[in-house]
Structures are given as structure tokens and as C-alpha cells.
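Chain residues, written in single-letter form:
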Amino acid sequence: MNRDLTEGNIRSLIWRFTLPLLGSMLFQQLYNIADSLVAGKFIGSDALAAVGNSYEITLIYIAFAFGSNMGSSVVVSQYFGAGKRKEMKTAITTTFIATAVLALFLTVLGIAFTDVLLEAINTPPELMEMSAEYLDIYIYGVIFLFFYNISTGIFTAMGDSRTPFLFLAFSSTANIAMDIFFVTVLGMGVDGVAWATFICQGVSSILAVSALVKRMRKTGESKEKAPLFSFRILKQIVIIAVPSILQQSFVSVGNILIQSVVNSFGAAVMAGYAAAIKLNNMIITSVTTIGNGISSFGAQNFGAGRIDRVKKGRKEGLILAGVFAIASSVIFITLGRYLLLLFMNGSEIAALSEGMDFLFIVAPFYIIVTFKIITDSVLRAAGDMTPFMVATFSDLILRVVLAFIFSSFLGSTGIWLSWPIGWAVGTLISIAFYRSGHWEKRKVIS
């Protein structure tokens with residue numbers, strides 16, 4: 001059900017609202033991890049490396065889907081908080097129309113340039129066929145990726161975090177089962193895990209869009225029928241979405257550049273990194289999901305003119321995300337070896353060692369990046385996108401540059417060291433922009 005986040009106890013609202021989001025994200029990560037887990041365990045380390053290698057390119061598509069999600073959810077949240085139901089409905093239909101065009105364009109572009117992208121990141125010849133096979137199938141399902149993210153983002157914008165959780169619980173569980181079935185029973189290889197993702201993502205997308213249509217029919221109608229498309233509202237969405245897409249895309253490009261450095265060290269380092277980065281991304285995406293919840297909370301309250309609640313929401317978000325980040329750091333440092341073994345066999349000593357080095361260096365700094373992510377979520381809720389982009393680009397550029405420099409004399413360890421330094425700089429910049437108070441003076445959409 002829809003939930004008004006502008007009234008009620010802030011701590012209780014945020015915990016009840018964000019915990020289902022966090023559960024949804026964990027299922028989403030389980031969904032993503034399943035491909036690597038099954039590939040590494042049941043096919044081999046080359047398959048694990050190929051899926052991990054392709055994953056860095058799929059992040060570009062995820063960046064566009066996430067940016068579209070954020071653009072629509074912030075606008076929908078502000079309209080919802082301001083009680084403007086007609087504009088809210090138009091924002092939703094406008095988003096779907098624009099997203100369909102964007103997704104189809106990216107699908108055609110991706111299929112045409114799969115090999116070029118894989119060659120650009122120095123994919124080893126022995127992994128090229130498997131990487132291309134996985135990537136092609138994934139790209140065919142991009143439209144499902146976009147529509148699913150848009151639907152769940154809109155549910156969240158209206159204060160409903162339970163529905164996305166239920167969809168992801170179903171789809172991730174089904175994806176794991178299908179991965180194993182296609183690979184172990186049907187004897188398929190990397191194409192099996194790719195098709196499992198395609199099918200489950202497609203079904204989840206159709207169910208999510210259907211549920212959203214049903215929900216909107218129950219939402220209170222205004223006296224005047226809401227138009228299906230509005231260039232004015234599209235502009236409002238684009239103002240939020242484009243910086244988010246650019247931010248996520250540059251992060252993806254940065255990750256691809258880092259992947260190219262990783263690839264230069266061979267299959268063992270690639271496999272270790274593929275496993276470790278999956279675990280790392282689970283934590284970062286978890287904190288980002290909490291941040292998305294704070295964005296929805298903040299946007300509704302910003303739309304209602306409740307700046308005091310936006311600030312208090314940030315504090316509660318920092319507490320929730322901080323506890324999660326610290327617990328994750330402890331788990332990775334103490335149990336990292338056993339978690340990595342979920343993706344590979346114990347005999348793959350070199351790959352396991354690389355994965356452990358990554359976790360030991362990066363995990364202690366999760367609390368630092370948590371401050372950046374939660375602070376960014378408040379800036380984004382207010383539509384203040386410039387500081388958000390500056391902080392993220394500073395972090396990313398520094399990480400990429402340092403990865404190239406450090407790896408030249410420290411080997412793969414130098415790549416891992418670039419993460420905490422980039423995070424620290426980006427966090428300082430985000431906090432400085434937040435404390436400037438410029439975001440508080442932003443105008444609410446009309």
C-alpha cells in the first residue's frame with residue numbers, strides 16, 4: 001500500500017520503510033550473484049571470469065536503468081508528498097514511454113558493439129566467446145531490466161517498499177533454481193546462466209508493471225484526467241535522471257577501465273576479482289538501497305516543505321546504514337575466505353588469494369563510503385544534482401587513475417588500494433556540499 005512519509009515518527013517510518021528495501025536489494029544481489037556462483041562452481045574458473053568480465057559491461061545498462069529509476073522516483077515522490085495526484089500519474093506514464101524508447105535504442109547499440117566492448121577491456125582470447133555469449137543474451141533482456149527498475153522505483157516513491165521486496169524474493173529464488181537446472185540438468189554452459197537471468201527478469205518485469213497498473217487504478221482520481229505524456233514533466237525527470245545516469249555510467253566506465261587493468265594480470269586475478277567484487281557490490285548496493293529509501297523519504301518531505309524531517313531522516317539513515325556497513329566489514333574480514341569459496345573451488349589458490357587481498361584492503365572502509373552515499377541521497381532528494389555528481393566523479397576519477405599508477409609497481413594489490421582513497425575524498429566533498437545548505441534552498445517542482 002502507498003504510505004505518506006511526511007507524518008509520523010521518523011525513526012519508525014525509516015526503519016519500516018527501508019528494511020524491506022534492504023531485503024529487496026539482498027535478493028537482487030543474490031539474483032546477480034547466482035550467475036557467478038553457478039558458473040564458478042559447476043562450470044569452472046574460466047566461466048566465472050567470463051561472467052565477471054561481462055558483468056562490468058552490464059553495469060552500463062544498470063546505470064541507465066538506475067538513473068531512470070531515480071529521475072522518476074524523485075519526481076513522483078515530490079508530487080506524492082505535495083498531494084498532486086494528476087501530475088504524479090502523468091510522471092509515471094511519461095517515464096515508461098521515454099524509457100521504452102531509450103531501452104530499445106541501447107539494445108540495438110549493445111548487440112552491434114558487443115565484441116568491440118569486450119576487446120576494449122582487454123578480454124583474454126580464451127574468454128572472448130563465453131563473455132560474448134553471456135553478454136548478448138543479457139542485452140536482449142534490457143527492456144525488462146528497465147521496466148522492472150522503473151516499476152519498483154515508483155512503488156518506493158509512493159512509500160511502498162513491501163511490493164518490490166516480494167517481487168525480488170520470488171525472482172531471485174527462481175533465478176538460482178533455473179541457473180542450476182540449466183547448467184547441471186540440461187548441461188548448458190555460460191549461456192544457461194544467461195538465459196535463466198533473461199527469463200526470470202522478464203517474468204518479474206511483467207508482474208511488476210501489471211501490479212503498478214493495478215495500483216494506479218486504485219489511486220484517487222483528480223477531476224481532470226491525467227495526460228499520458230508531458231514534455232514539461234519529462235524535463236523535470238530528465239533533470240534528475242541524466243545526472244544520475246551520467247554518474248552511474250561514469251562509474252561503470254571507470255569499473256570497465258579498472259577491469260581492463262585487472263585483466264592484464266591474467267585469469268587467476270580476474271576470477272578472484274570477479275568473486276570479491278560481487279561481495280563488495282552487495283554491500284555497496286545495500287547501502288545505496290538504504291540511501292534510495294532516504295531519497296524517497298526526503299523527496300516526499302521536501303515536496304511537503306518539511307526540511308526538518310529531511311535532516312532527521314539523514315541521521316536515521318546514517319545509523320541504519322552505518323550498523324550494516326560495520327557488520328559487513330567484520331564479516332568480510334573474518335569470514336571472507338569462506339564466502340569466496342562459494343564462487344570457486346579450494347584448489348584455485350591463486351584466485352582465492354587475490355579475492356582475499358581485495359576484501360582485506362577494501363572492507364574496513366565501508367563506513368566511510370556510507371557517509372557519502374547517505375548524504376548524496378539527501379542532495380538528490382532535493383534535486384541538487386551538481387554536488388552529487390562532483391563528489392562521485394572525484395571518487396571515480398581518483399580510483400581509476402590510482403589503479404593504473406599503483407598497479408604498475410604494486411601489482412594487483414595497487415588496484416585494490418585505489419578504492420579506500422577514492423571513497424575518502426568523495427565523502428569529504430559530499431559532506432562539505434551538504435553542510436553548505438545550498439540544497440535547502442532548492443525549489444519544489446510544480
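Up top you'll find the structure we're talking about.
Residues numbered from 1 in each chain as written. Predicted model: local features only at pLDDT ≥ 70, side-chain atom pairs only at ≥ 80, totals over all residues. Heavy atoms only, no water.

Asker: An account of the packing of aromatic side chains is requested, with residue identities and associated values reported.
Answerer: Under the defined criterion, the tally for this structure stands at 14 aromatic pairs. Aromatic pair Phe144 and Phe198: ring centres 5.7 Å apart, planes at 70 degrees, arrangement edge-to-face. Here Phe144, found in helix α6 (residues 142–157), pairs with Phe198, found in helix α8 (residues 190–218); they are 54 residues apart in sequence, far enough to count as distant. For Phe144, a relative accessible area of 23% gives the class partly exposed. Under the relative-accessibility criterion, Phe198 is labelled partly exposed at 22%. Here Phe229 and Phe231 contribute two aromatic rings whose centre-to-centre distance is 4.9 Å and whose plane-to-plane angle is 80 degrees, an arrangement assigned as edge-to-face. Pairwise contacts between aromatic rings join Tyr273, Phe358, Trp416 and Trp419 into one cluster. (Phe/Tyr/Trp six-rings, centres within 6.5 Å; stacked < 30°, edge-to-face > 60°. Helix = DSSP H or I, 4+ residues; strand = E, 2+ residues; numbered from the N terminus. Buried < 20%, exposed > 50% of the residue type's maximum accessible area, 1.4 Å probe, protein only.)

Asker: Summarise the side chain of Thr58; cite the residues concerned and give the values.
Answerer: Summarising the element assignment, Thr58 is placed in helix α2 (residues 45–82). For Thr58, a relative accessible area of 2% puts it in the buried group. What Thr58 contacts, discounting residues up to four positions off in sequence, is Leu135 and Tyr138. (Contact = heavy atoms within 4.5 Å.)

Asker: Lay out the side chain of Ser295 with the relevant residues and their values.
Answerer: Along the chain, the position of Ser295 falls in helix α10 (residues 267–303). Residue classification places Ser295 among the buried residues on the basis of a relative accessible area of 2%. Among all residues touching Ser295, those that are not within four sequence positions of it are Met70, Ser377, Arg380 and Ala381.

Asker: Describe in detail helix α14 (residues 385–410), supporting the description with residues and values.
Answerer: Taking 1.5 Å of rise per residue, the 26 residues of α14 would be expected to cover 38 Å, and the 36 Å separating its terminal C-alpha atoms lies within 8% of that figure. Where α14 terminates, the next one or two residues include Gly411, which has phi positive at roughly 70 degrees. (Expected span 1.5 Å × (residues − 1).)

Asker: With reference to specific residues and values, describe the environment of Asp395.
Answerer: Tracing the backbone through its elements, the reader meets Asp395 in helix α14. For Asp395, a relative accessible area of 5% translates into the label buried. For the pair Asp395 and Thr427, spaced 32 residues apart in the sequence, the C-alpha separation amounts to 8.2 Å. Apart from residues lying up to four places away in sequence, Asp395 is in contact with Lys372, Gly422, Trp423 and Gly426.

Asker: Quick rundown of the environment of Ala208? Include the residues and the values.
Answerer: Within the secondary structure, Ala208 sits in helix α8. Of the residues examined, Ala208 reaches a relative accessible area of 0% and is grouped as buried. Once the C-alpha coordinates of Ala208 and Asn292 are considered, the two residues, 84 residues apart in sequence, prove to be 18 Å apart. Once residues lying within four places of it in the same chain are set aside, the contact partners of Ala208 are Tyr148, Ser151, Phe155 and Phe167.

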